[in-house]
Amino acid sequence: QTVARDGARSTFISLFLVVLVFAIGFKELKRPLLAVLALCCGLGWTMGFTTLVVGHLNFISVTLTTMLMGIGIDFGIHFIFRYDEEMALGYSPEEAIARTLEGTGIDTLVGATATAAAFLALTQAHFRGISDFGIIAAGGTFLCFLSTVTVLPALLGLFPSQARRDSAPSADIAALEKMLLDHAKLVVFLWLLATVGAALLATRVGFS
């Protein structure tokens, strides 16, 4: 009962945070809400998939909805930002949707496949809870991707809007990127140093 209650609560909290962060980053509420609505559709499909394939949730897989929100919204973020860029170039909403699907469809499919493959590796675990989690997470990742490339374009077609005025790349981000590239060797050295330190600390992690 505690796990089920906490799973439901974390789902609502993560949904709110996803909408909030997306809206702040995109500086608009309408299209982020459409992306989240499409994601929720994919999550609903995942619950149906779970019922048909596994038939139940356990104390591990009950947290899946929260995890899939974090993974699945990435597809919507890529789609919405690319769509906004196409709109800023002067394309109509229909043309922008088509160009976005052409430009990001394969990219997001590869990302979804890689993520699903990583989850499928969990099916080799001897512990049933972990194995079930791998099956549900792999299927859920693909279903969230599917909802992004089907439901989200349909929603954008039904509720078109203009491109944002400030949809151009951020000058601050460009300046930061240039600074990092100008000091590439130093950046690589610092992160290698941090990685070695983290690896040493990792040897102290035990099972509780």
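For clarity, every value in this text was computed on a predicted model and none was experimentally measured.

1. A closer look at unusual backbone geometry
So, point 1. The residue Lys-27 is not glycine, and still its phi comes out positive at about 60°.
So, point 2. Inspection of the secondary structure assignment puts Lys-27 in the loop between α1 (2–26) and α2 (30–53).

2. What to know about helix α6 (residues 171–182)
So, point 1. Under the 1.5 Å per step criterion, the end-to-end length of α6 is 16 Å for twelve residues, consistent within 8% with the ideal 16 Å.
So, point 2. With zero of twelve residues buried, α6 is to be regarded as a mostly surface element.

3. Let's talk about the environment of Ile-136
So, point 1. Structurally, the position occupied by Ile-136 is in helix α5 (residues 128–158).
So, point 2. Separated by 103 residues in the primary sequence, Ile-136 and Leu-33 have C-alpha atoms spaced 25 Å apart.
So, point 3. Residues in contact with Ile-136, not counting those within four places in the same chain, are Thr-46, Phe-49, Thr-50, Val-54, His-56, Leu-57, Ser-61 and Leu-64.

4. Details of the confidence of the model for the chain
So, point 1. The pLDDT averaged across the chain works out to 87; a share of 97% of its residues lies at or above 70.
So, point 2. The secondary structure element of the chain with the lowest average pLDDT is α6, at 84, and the one with the highest is helix α7 (residues 184–202), at 94.

The rules behind each value
- Residues numbered from 1 in each chain as written.
- Predicted model: local features only at pLDDT ≥ 70, side-chain atom pairs only at ≥ 80, totals over all residues.
- Heavy atoms only, no water.
- Helix = DSSP H or I, 4+ residues; strand = E, 2+ residues; numbered from the N terminus.
- Expected span 1.5 Å × (residues − 1).
- Buried < 20%, exposed > 50% of the residue type's maximum accessible area, 1.4 Å probe, protein only.
- Contact = heavy atoms within 4.5 Å.
- pLDDT = per-residue confidence, 0-100.

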